[in-house]
Amino acid sequence: MAWSYSRSKRFNECNRRWHFAVHDDDPQEDQGSKPGKPDGASVGTVVHEAIAEQVGEWRVRNSTSLVDAKKSAEEGMIQVWEEFHSDEDVTPEREKMISICKRHLTNVFRHIWPRYQDHTYISHEQSATFPIDGYPVTVKLDLCLRTTDGKLRIVDWKTGVPDRRADVHPQLMTYALWASEHLEPDLSNIIVEFVSTR
């Protein structure tokens, strides 16, 4: 099994939860139960997918659409909601989740995205596995760009509150290590950053 930051974090938080996630034998799933409603992870997934769609559009057409991103997020959250509830169960809570997604996307495309528009696209939503001391490590880059001054920029979107306690975050450092081996050998030319969509 390849190491990834999210698996490592899950293990450190609760090794039992990690075991069930890795071995897919969660006793709650065997009983057919699931959480009663979508949660913050659902918002994160929907927002990431809407951003990824627009990055793909930007790559091809050199433009993004906040309207299209919001529409995609609404459709995505409705689909997630229906996995948890019947079609008739439209509640103010679902509308609140949709509104939260739209708020994240408004922030991204009105306030954050303009600083990346002049960059050169390299990749987005790219997964890669590479060895560290003989162990396979998996990274998934939300966005990878080249700045106008030639630096490599790796962006990791965070819909939640990023953990800012560590001066050097292991997830970002793993991205930098992968990038130094595959895209940019000069570490001083690599920028890795968490970008809050809030």
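The structure this text deals with has already been given above.
A few points on the structure.

What counts and what doesn't
- Residues numbered from 1 in each chain as written.
- Predicted model: local features only at pLDDT ≥ 70, side-chain atom pairs only at ≥ 80, totals over all residues.
- Heavy atoms only, no water.
- Core = buried A, V, L, I, M, F, W, Y, C linked by side-chain atoms within 4.5 Å.
- Buried < 20%, exposed > 50% of the residue type's maximum accessible area, 1.4 Å probe, protein only.
- Helix = DSSP H or I, 4+ residues; strand = E, 2+ residues; numbered from the N terminus.
- Contact = heavy atoms within 4.5 Å.
- Lys, Arg positive; Asp, Glu negative; His and termini not counted.
- Salt bridge = Lys/Arg side-chain N within 4 Å of Asp/Glu carboxyl O.
- Polar contact = N/O pair within 3.5 Å; in protein donor to acceptor, adjacent residues only side chain to side chain.
- Pairing = 2+ DSSP bridges.

**Observations regarding the nonpolar core**
Phase 1 of the analysis: With 29 residues, the main nonpolar core has Ile51, Met77, Leu105, Phe109, Trp113, Tyr116 and Trp157 as its most contacted residues.
Phase 2 of the analysis: Taken together, the elements giving at least two residues each to this core come down to helix H4 (40-61), helix H5 (66-84), helix H6 (92-112), strand E2 (135-146) and strand E3 (152-158).
Phase 3 of the analysis: Per-element accounting of this core gives the leading share, 8 residues, to H6.
Phase 4 of the analysis: Non-local contacts of Phe109, meaning those with residues more than four positions away in its chain, are made with Ile51, Gln54, Thr64, Leu66, Ala69 and Pro114.
Phase 5 of the analysis: Counting residues in hydrophobic clusters, the runner-up holds 16 residues, among them Val139, Cys144, Leu172 and Tyr175.

**Overview of unusual backbone geometry**
Phase 1 of the analysis: One non-glycine residue, Asn62, adopts positive backbone phi at about 60°.
Phase 2 of the analysis: Tracing the sequence through the fold places Asn62 in the loop between H4 and H5.
Phase 3 of the analysis: Overall, the relative accessible area of 57% leaves Asn62 in the exposed class.
Phase 4 of the analysis: Unlike most non-glycine residues, Glu125 shows phi in positive territory, near 50°.
Phase 5 of the analysis: Relative to the assigned elements, Glu125 resides in strand E1 (residues 120-132).
Phase 6 of the analysis: On the basis of relative accessible area, Glu125 is assigned to the partly exposed category, the value being 26%.

**Notes on the side chain of Asp142**
Phase 1 of the analysis: Note that Asp142 resides in strand E2.
Phase 2 of the analysis: No salt bridge is formed by the buried Asp142, whose closest oppositely charged neighbour, Lys140, lies at an N-O distance of 6.2 Å.
Phase 3 of the analysis: Here the side chain of Asp142 touches His48 through a polar contact of 3.1 Å, side chain to side chain.
Phase 4 of the analysis: Polar contacts involving the side chain of Asp142 include one to the main-chain amide nitrogen of Trp157, which spans 2.8 Å.
Phase 5 of the analysis: For Asp142, the contacting residues outside a window of four places in its chain are His48, His124, Glu125, Val155, Asp156 and Trp157.

**Some remarks on the pairing of E1**
In regular strands, side chains alternate between the two faces of the sheet.
Phase 1 of the analysis: Note: E1 against E2, 11 bridges, orientation antiparallel. Within the sheet, the bridge partner assigned to Ser123 lies in E2 and is Cys144.

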